[in-house]
2 protein chains.
Amino acid sequence: MKIILAQQNYHIGNFESNTQKIIAAIEEGKKQHADLMVFSELCICGYPPLDLLDFTNFIEKCNESIDMIRSHTQGIGVLIGTPSVNEKKEGKNLFNSAYLLYNNTIVDVVHKSLLPTYDVFDEYRYFEPAYAWHTMMFNGKKLAVTICEDIWNLGDNPLYRICPMDALIKEQPDVMINLSASPFDYTRIEERKAIIQANVAKYKIPLIYCNTVGSQTEIIFDGGSLVFDKDANLLKEGKYFEEDMLTVNFLDNGSFEEMSIATSKEISSVKWNPSVYDQHLHTDRIYDAIVLGVKDYFSKMGFKHAILGSSGGIDSAVTLAIACEALGNENVHALLLPSQYSTGHSVDDAVALSKKLGNPYDLIAIQPVFDAFMDQLKPIYKDLPFNLAEENIQARTRGNLLMAVANKFGYILLNTTNKSECATGYGTLYGDMAGGISVLGDVYKMQVYALANHINRNGEIIPQHIIDKAPSAELRPNQKDSDSLPDYSLLDAILYQYIERHHGSKEIIAMGFEKEMVERTLRLVNISEYKRNQFCPIIRVSPKAFGVGRRVPIVANYLS
Amino acid sequence: MKIILAQQNYHIGNFESNTQKIIAAIEEGKKQHADLMVFSELCICGYPPLDLLDFTNFIEKCNESIDMIRSHTQGIGVLIGTPSVNEKKEGKNLFNSAYLLYNNTIVDVVHKSLLPTYDVFDEYRYFEPAYAWHTMMFNGKKLAVTICEDIWNLGDNPLYRICPMDALIKEQPDVMINLSASPFDYTRIEERKAIIQANVAKYKIPLIYCNTVGSQTEIIFDGGSLVFDKDANLLKEGKYFEEDMLTVNFLDNGSFEEMSIATSKEISSVKWNPSVYDQHLHTDRIYDAIVLGVKDYFSKMGFKHAILGSSGGIDSAVTLAIACEALGNENVHALLLPSQYSTGHSVDDAVALSKKLGNPYDLIAIQPVFDAFMDQLKPIYKDLPFNLAEENIQARTRGNLLMAVANKFGYILLNTTNKSECATGYGTLYGDMAGGISVLGDVYKMQVYALANHINRNGEIIPQHIIDKAPSAELRPNQKDSDSLPDYSLLDAILYQYIERHHGSKEIIAMGFEKEMVERTLRLVNISEYKRNQFCPIIRVSPKAFGVGRRVPIVANYLS
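Conventions we followed
- Residues numbered from 1 in each chain as written.
- Chains lettered and ligands numbered in written order.
- Predicted model: local features only at pLDDT ≥ 70, side-chain atom pairs only at ≥ 80, totals over all residues.
- Pairing = 2+ DSSP bridges.
- Helix = DSSP H or I, 4+ residues; strand = E, 2+ residues; numbered from the N terminus.
- Axes fitted to C-alpha atoms, helices over the stretch in contact; angles between N-to-C directions.
- Parallel < 35°, antiparallel > 145°, perpendicular 65-115°, else oblique.
- Contact = placed C-beta atoms within 7 Å.
- Least-squares fit on C-alpha atoms with pLDDT ≥ 70 in both.
- Core = buried A, V, L, I, M, F, W, Y, C linked by C-beta atoms within 7 Å.
- Buried ≥ 20, exposed ≤ 12 C-beta atoms within 10 Å, placed from the backbone.
- Expected span 1.5 Å × (residues − 1).
- Domains from an automatic or database assignment.
- Nonpolar A, V, L, I, M, F, W, Y, C, P; charged D, E, K, R; others polar.

Trainee: Please clarify how the sheet that holds strand β17 (residues 361-363) of chain A should be interpreted in this entry.
Mentor: Picture the strands of a sheet paired through backbone hydrogen bonds; they go either parallel or antiparallel. Residues and elements named next belong to chain A. Overall, parallel pairing links the 5 strands, which are arranged β17-β16-β15-β18-β19 in an open sheet. Two strands lie at the open edges of the sheet, namely β17 and β19 (437-438), each paired on one side alone. Both strand β15 (residues 306-309) and strand β18 (residues 412-415) contribute to a ladder of 2 bridges, which runs parallel. Bridging across to β18, A306 finds its partner in I412.

Shown next as C-alpha cells:
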C-alpha cells in the first residue's frame, strides 16, 4: 500500500484555495499510484479556525469542500481533517474529525479525543471529545487514526484521564496514522519526535505522522512530518518551514519497503537544560520560523510592502534583515527618524545597513513635529520639566510618521519591539509599539544579538557597530537602556524564569539573582499587562509567548 | 439556621484586600448570629484569575488566605470559593472548589463539574471537572453545594453530558446552595432567574444563590443574588451593581422564616425577542453597568483622573457624562481638539457640555501639528492628493495630544469608540482608537443615542444639538459618517444579526436587508479584525462583545 503524506500550508477560511491545494495533491498522488493520501488536522478550513466555527455557514463550506474533494477519490483513499457536526443533543456542537474518503464516499469518520485547551490552544471551546474509538479498515489494513494531541498522553502526561491509543490497540491495528497541526516553538522538534517515537515503542506498530506547515498570524506550524517503522526507527522526515510530500510503501508484512533509515533510535541530539536560559539555543530555526512568519502574514493578508523605523539599533536592523529575506529587499521600506538626541552614528549605521541590504530608505527628522506638539501643549504643560511625556511624544511622532507613509502607499508597519522590552513595558504605546505584526516580540534582547550574528554568518550584513554599541531609545540626552533596565543578560535570564518557567520571585531569588532586581523585574512585567493587551500579534517561537498563549487579567493586583 | 449571603466586589490577585473583606463580612455575620455565611465563586483570588493560576505562588497565596479566614470561623460556617490542587496525577492541576470552613477546620470540599469554555470563559484551560458528587452536612442539614455553571444544565442545555444536581438530589439534600461568578449582559438578569427558578421547580427544594459583583477589566458582575423557597417563589434578591448582604432564616421544616415573597413565580416581565435588534432594550441597566465598569477599572488600577477627547459629538458626550458619574466631574478632563474641518458648533457643543457637567476642559487646535507633519512628509508624499492618510494623521495627532496630556499629569485616556465603529473598522488605530479602556465599545450607535436620552431623563445634560446633528469625524470638508457607512439604524440591525446572533450573509439577506449592504457590512467587519486586535479592553454589556469573548483569526480569509 503506497501512502503519501501531504504536508501543506493552508489559509484559514480560504476554502477555495485550500480545496484546490488538496485536490492538486490527490491528483499528484494518483499519478504516483498512491493508495492512500494523508492530510493534516482541520486542513479543510485551516488551523486554528477559532470562533469562525460558530458560523453555520462556515461548517457548510467545510462540508462543501469535503464533497468536492470526495469527487476526486476514485481509486484513491484520502484521510483528511475537518470539523464535523455532533448530531447528539448533548455536548458541544462540533467534533474535530478525520474523514476517510474513497471512491466518492465518506467511508469512515473518527473524532479527536484529547482537546488541547492551554497556551495558544482553545479546542474545548469548540469541540466535543470522542468517547468511543474504532480502527478504520482500508485496503485490507486496520488503521488506528488519531488526531494530533490524541497521541500525546502516554500515561506520563497528567493533562488527560484517557488515552485513545490504549483503546485502539485492542483492535490490533496494522499502523498508526496521526493527522496533526502541531505548532513550532524552539523546543518542539525534539520533543515531538520523542513523543511520537515513544508511541511506537509502546504500541510496537509503525506510525505515520502528517503535520501542517505555515504561519497563521502568530502561530507557526513547522511541518517536519514523520514516518517511524515498528522498531521505532525514523524512516522519513518532512522538510521544516516549507511544504513537502513524503511517500512510503507499506508492505503486507507490516513493514515499509526498502528504505534507508533516516536516523538512529536516539532522536534528540540537542542536550538542552530547560531550567537554564540559553540565548544561543536553536538560533537557526528561530530565524527560519520568523522569516516564514513574516512571509505568510503578508501573503495571507494580501500585502506586499513593509515599512519599518530603522534607528541604527540592533532590533530594527535584525527586523529589517529578516523582512528583506521574507519579502524581498525591494519591498521593505526603511524610514530613518532621528530625533535631536540621536547620535550621528544612528543615521550612518541605518544607512549603511540599507545600502548593504539594498532596500529603499528615507529620512525624516522628527524635531519640527515635536516642536509643533510642544508649542500646542505649552498652555497646558507650562514650565513643567521634560520627562517621560516628552519622550513618548517623540516616539509617537515616529509612530505617526511611519503610519502616514504606510497609509499613503499601502505598506504594512513591522514592529521592532523585542521580548525583553515587551515584558518590561519598555516602549511607548502608539509609538514604537505600533505595527501590524511584531517580528521580534518573542525573542529576548540577547537572542536578538544571536540572530544578528546568525544573519552575518556568511559575511557582514548588519554593520558590526550596530551589534557592538550600547542600546538606546535616543529620546533624551545620552539615554541608554541600562539607565532604566538591568543588564539584558541578567534581565533576560530572570524574564525567562518568570515567563517561560512560571517561577515566582522566591524561586528566582533562590537561583542566585539579586532580590531587588528580581522583584523590580517581575513588577515591571505585571504592571505592563495593559500595554501588551494593545500590542500587535507576535510571531511565536518560544514555549511561552506574550499574546494569545498568555492571558493575564489587566486589573489584577498580583506582583510576584 | 441563619444564613447570610455576602455579595462582594473582589480585586483579582489582591489577596490582602479580598481576605480582609471576607473576614469583615464573617465578623458582621457573627454579630448577627449567623450560622452560615455564603460567599461567591473563586472569591479568594477574584474571578477570572486566568493564567495567574499557573503560578504555584498564586495557589499558595489562596491557601494562605483560606488559613487566615479559617481562623475566624469559630462557631460560624463559611462556604467559600477558591482554586484547589488536584492531587491525582491525571487531568488538569487544579479544581474550581467550594470549601466549607467551620471551627478553624476545612470541613468539606466540593469541586465544580461544568466548566464554561465559551465566550469570555476559559475554565477548562485551568480546571479539571469533578467526576463524583456528595452533599455537605452542616448544622444537621444536607447542603447540595454547586458552583455557578453546575446548575445551568437542565437537560435542555446541550453543552454538557452530565448534570451534577441529578447526582446530588439522590442524597435528598435540604437546600441547594450555589456559589457563582455570573457576568452581566443586558439579557442575563431574566435568563439567570429563569434558570435558577427552573432548578427549584425540578428538584423541589430551596435554592440559595450567591453571586459576585464588580467589574474585572472588561467583564462586569452584576450581583443580584437570589433566594428561592421550595415552591419556586423568589424570597430575596440582592442589589444590582453594588455590594449587598442577604439574610435568610432556614427552618427545620425546610422552609424560610416569615418572609414576604419578593415577586410572583413569573420572573421575567420583559418580553424580549432576541431575533430582532432593539436599541432601547434595558438602557437603564446598560448605563449602570458601564458606570460600574469605569469606576472599578480606575479604582482597581489605582487611577483617579480620566481624560478624553471631547468632539462635540454624541459618543464623546455620552462617554464624558458616564465618566463624570463614575469618577466625579472634577476628575474628568475633556480635551477639545478641533481640526480645520471642525464646525463652530463642535467646539460650542463640547464647551456647553463641560459647563453643564462641571468638568475641567482645555482646547488645543491640531492644525499647526498637522501642518508640521505635512511639511516633513512633503518630500515623500510629493503632490499626491489628500486621502485617508491625511485623515489618519489628524486622528493620530489628536491621539498623541491626548496621550501627551495624560502622560504628563497621570490621567488615563478613555476611549470613545462605539460598537458600530469598532465592528466596521471606522476609526484610526493609535488615533481615535487609542485609550486605556473602551467605554462604549459594546453599544451600537443607536444605543449610544438611547444612553444620551437616558442621561437627559431628568433634564438636559447633553445639549440637544449634540443628539440631533448628523455624526461626523470632521477630518475632511463636510465629512459625514453616512458618506462611508449605511444609516446607523440599518447598520446596527445588520451588525446585531452577524455579531450577536451569528447569522451569515444569506440568512441576514433573507430577513429583508439589502444584499449589497449586508455583504459590504460583513466584509467591513471581517477585514477589521487586525484593528480590533490592538484595541483596548471593552466594557462588556451585550451577549457578544468584541474582545476576549470573540476570537477570530486575523489572517483568515472568510468574508460571509
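And the narrative resumes.
Trainee: For this particular structure, what's the right way to read the packing of helix α5 (residues 283-301) of chain B against helix α11 (residues 445-455) of chain B?
Mentor: In a pair of packed helices, the angle between the axes and the distance between the axes together describe the arrangement. Residue and element names in this part refer to chain B. Between α5 and α11, the shortest axis-to-axis distance is 10 Å and the interhelical angle comes to 85°. Taken together, the axes of α5 and α11 lie roughly perpendicular to each other. Touching T283, D284, I286 and Y287 of α5 are Q447, A450, L451 and H454, all from α11.

Trainee: What is the right way to read the relation of the copies chain B and chain A from this model?
Mentor: These two copies of the chain differ by a rotation about an axis and a displacement along the same axis. It takes a turn of 180° to lay chain B on chain A, together with a shift of 0.0 Å along the axis; the resulting RMSD is 0.0 Å. Such a turn and shift between the copies fits a two-fold axis. Among all C-alpha atoms of chain B, that of B:Q534 lies closest to the rotation axis, at 2.2 Å. Mapped onto chain A, 100% of the interface residues of chain B are again interface residues, and the two copies thus contact each other with one and the same surface.

Trainee: Explain the nonpolar core here, please?
Mentor: Here is a general trend for soluble globular proteins: nonpolar side chains tend to be buried in one another's company. Counting residues in hydrophobic clusters, the biggest one holds 352 residues, and the most contacted among them are A:V38 and B:V38. Among residues more than four places away in sequence, those in contact with A:V38 are A:I3, A:L5, A:A6, A:L79, A:I177, A:L179, A:I208 and A:C210.

Trainee: In this structure, what is going on with the pairing of strand β3 (residues 77-85) of chain A? I would like to understand it.
Mentor: Regular strands place side chains that alternate from one sheet face to the opposite one. All names here are of chain A. By the criterion of burial, β3 is predominantly enclosed, with 8 of the 9 residues buried. When strand β2 (residues 36-38) meets β3, the two strands line up parallel, connected through 3 bridges. If you follow V38 over to β3, its bridge partner there is L79. With 8 bridges joining them, β3 and strand β4 (residues 94-102) adopt antiparallel strand pairing. Opposite P83, over in β4, you have N96 as the bridge partner.

Trainee: In this structure, what is going on with helix α6 (residues 314-327) of chain B? I would like to understand it.
Mentor: Side chains three or four residues apart in an α-helix point the same way, a direct result of the helix having 3.6 residues per turn. All names here are of chain B. With 14 residues, α6 should reach 20 Å at 1.5 Å per residue; the first-to-last C-alpha distance of 20 Å fits that figure. Of all 14 residues in α6, 13 are buried; the element is thus mostly enclosed. Of the residues trailing α6, G328 is marked for its positive phi of about 95°.

Trainee: Which parts of the structure should I look at to understand the domain arrangement of chain A?
Mentor: Where interface size is given, it is often the accessible area lost as the parts come together that is meant. All names here are of chain A. What the domain assignment reports for chain A is domain 1 (2-249) and domain 2 (283-533). Relative to domain 2, the C-alpha centre of domain 1 lies at a distance of 38 Å. With 10 residues of domain 1 at the interface, the matching set in domain 2 holds 9 residues. Contributing elements (two or more residues each) for the side of domain 1 that touches domain 2: β10 (213-216) and β11 (219-222). Residue classes in the side of domain 1 that touches domain 2 are distributed as 5 nonpolar, 4 polar and 1 charged.

Trainee: Looking at this structure, I do not really get the interface of chain B and chain A. What am I missing?
Mentor: The interface of chain B with chain A comprises 79 residues on the first partner and 79 residues on the second. Of all the secondary structure elements, the ones that give two or more residues to the side of chain B that touches chain A are α2 (56-70), α5, α8 (367-381), α9 (388-409) and α17 (529-533) of chain B.

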